[in-house]
Amino acid sequence: MFSHKIDDDITLRLLEERHAEEVFSLLEKNRNHLQDELTWLTDQLSVNDAKEYIKAGLERFAANNGLRAGVWLQDNLAGIVSVHGLVWDDRKASLGYWLGSSFQGRGLVTKSCSSLIAYAFSKLKLNRLEIQCDSENDRSRKVAERLGFTQEGILRQSWWSKERFADLVVYGLLSSEWQGGKPYTPLFT
Ligand SMILES: CC(C)(COP(=O)(O)OP(=O)(O)OC[C@H]1O[C@@H](n2cnc3c(N)ncnc32)[C@H](O)[C@@H]1OP(=O)(O)O)[C@@H](O)C(=O)NCCC(=O)NCCS
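Peer 1: Which parts of the structure should I look at to understand the packing of aromatic side chains?
Peer 2: Remark: the centre distance and the inter-plane angle together describe each pair of aromatic rings, the angle taken between the planes. Taken as a whole and assessed by the stated rule, the structure comprises three aromatic pairs. With 5.6 Å between their ring centres and 50° between their planes, Phe-121 and Trp-178 make a pair best called tilted. Placement of the pair is Phe-121 in helix 4 (residues 108-123) and Trp-178 in the segment after strand 8 (164-174), with a sequence separation of 57 residues. One residue, Arg-13, lies across the ring of Trp-72, its end atom 5.0 Å from the ring centre. When the ring centre of Tyr-53 is taken as origin, the NZ or CZ atom of Arg-68, which lies over that ring, is 4.0 Å away.

Peer 1: Hey, could you run me through the environment of Phe-121 in this one?
Peer 2: For Phe-121, a relative accessible area of 7% corresponds to the buried category. Apart from the residues within four sequence positions on either side, Phe-121 is in contact with Leu-126, Asn-127, Arg-128, Leu-129, Leu-173, Leu-174, Ser-175 and Trp-178.

Peer 1: Teacher, can you tell me more about the nonpolar core here?
Peer 2: Nonpolar side chains in soluble globular proteins tend to be buried together. Core analysis: the biggest nonpolar cluster contains 55 residues, and Val-23, Val-81, Leu-95, Leu-129 and Phe-149 have the highest contact counts within it. Apart from residues lying up to four places away in sequence, Leu-129 is in contact with Ala-93, Leu-95, Ile-117, Ala-120, Phe-121, Phe-149, Tyr-171, Gly-172 and Leu-173.

Peer 1: How should I be thinking about the site of the ligand in this particular structure?
Peer 2: In the neighbourhood of the ligand, 22 residues make up the surrounding shell, with Gln-104, Gly-105, Thr-110, Asn-137 and Arg-139 lying closest. Here an oxygen atom of the ligand sits 2.4 Å away from a polar atom, N or O, in the side chain of Thr-110. Taken by itself the ligand offers 950 Å² of open surface, and the protein chains cover 75% of this. Where the shell around the ligand is concerned, the elements lending two or more residues are helix 2 (31-34), strand 5 (92-99), helix 4, strand 6 (128-134) and helix 5 (138-146). Take the shell around the ligand: its biggest share by element is five residues, from helix 5. A per-class count over the shell around the ligand returns eight nonpolar, eight polar and six charged.

Peer 1: Got a minute to help me understand the pairing of strand 5 in this structure?
Peer 2: One face of the sheet, then the other: side chains in a regular strand alternate in exactly this way. Counting buried residues along strand 5, seven of its eight residues qualify, which places the element largely inside the surrounding structure. Bridge analysis of strand 4 (residues 76-87) against strand 5 gives seven bridges, and the strand direction is antiparallel. If you follow Val-81 over to strand 5, its bridge partner there is Tyr-97. Joining the antiparallel neighbours strand 4 and strand 5 is a turn of four residues, in which Arg-91 adopts a positive phi near 50°. The pairing of strand 5 with strand 6 spans three bridges and is classified as parallel. Looking at strand 6, one finds that Ser-94 is bridged to Glu-130. Crossover strand 5 to strand 6 through helix 4 is right-handed.

Peer 1: It is not clear to me how the sheet that holds strand 7 (residues 150-161) should be interpreted in this structure. Could you clarify?
Peer 2: By definition, the strands of a sheet pair up through backbone hydrogen bonds, in either a parallel or an antiparallel sense. In space, the eight strands of this open sheet follow the order 1-2-3-4-5-6-8-7, with mixed pairing throughout. Only two strands of the sheet have a single partner each, and these edge strands are strand 1 (3-5) and strand 7. The average angle at which neighbouring strand axes cross in this sheet is 25°, direction not considered. The strands touched by helix 1 (residues 20-29) are strand 3 (67-73), strand 4 and strand 5; relative to strand 4, the strand with the most contacts, the crossing angle is about 100°.

Each value, and the rule that gives it
Residues numbered from 1 in each chain as written. Predicted model: local features only at pLDDT ≥ 70, side-chain atom pairs only at ≥ 80, totals over all residues. Heavy atoms only, no water. Phe/Tyr/Trp six-rings, centres within 6.5 Å; stacked < 30°, edge-to-face > 60°. Helix = DSSP H or I, 4+ residues; strand = E, 2+ residues; numbered from the N terminus. Lys NZ or Arg CZ within 6 Å of the ring centre and 35° of its normal. Buried < 20%, exposed > 50% of the residue type's maximum accessible area, 1.4 Å probe, protein only. Contact = heavy atoms within 4.5 Å. Core = buried A, V, L, I, M, F, W, Y, C linked by side-chain atoms within 4.5 Å. Near = heavy atom within 4 Å. Polar contact = N/O pair within 3.5 Å; in protein donor to acceptor, adjacent residues only side chain to side chain. Areas by Shrake-Rupley, 256 points an atom, 1.4 Å probe, with all protein chains shown as cover. Nonpolar A, V, L, I, M, F, W, Y, C, P; charged D, E, K, R; others polar. Pairing = 2+ DSSP bridges. Right-handed = clockwise from strand over helix to strand, strands pointing away. Axes fitted to C-alpha atoms, helices over the stretch in contact; angles between N-to-C directions.

If you want it as structure tokens, here you go:
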């Protein structure tokens, strides 16, 4: 129903319940790759859990509280990007993202997040976007930096991951700093 073509190969689609099998299978295949970063990814995940995850994203979208979109590389679901943690009074939100391991290294998340940034600043009229990641998550840090986010600080020992209290790096991007990149095209209207 809702989709946004990024280029000839990459499409963002708002996740719907009919995508549950694909989401489940991508998560299952990539459990080892993702489990350290996606704390909700339990050993017992089922297709039904994937449905609930999708439903929560749809409710978020319906309530004008962000969105969760699948990243499709041609016909294959490659990963998911999201706008979450929206605080309307402060006009700010966070970006989230993950990819199946075999889909890394092609710019899929950077390109998808560029579109979400355009959506957040141009359509939602937000003032600030944030990305938080484990200080040792080099790939995620590079995404934030590639997108023009500024490293603003480190929340020391802020979450329990990989059997230790990990530092979280906070990156921010303000609408006044956003270059726009390309003309805004309607996305998830
Ligand atoms: C974080 C994660 C999404 C990053 O994936 P990624 O593939 O490195 O990110 P992108 O899709 O933006 O691709 C960037 C890579 O593609 C390359 N690339 C190729 N064409 C590109 C293009 N047109 N534009 C941008 N990058 C391009 C870049 O050089 C970069 O590779 P490099 O890091 O080896 O230099 C992925 O590692 C992941 O899912 N990790 C587990 C979950 C996770 O950590 N999520 C984030 C939690 S905070």
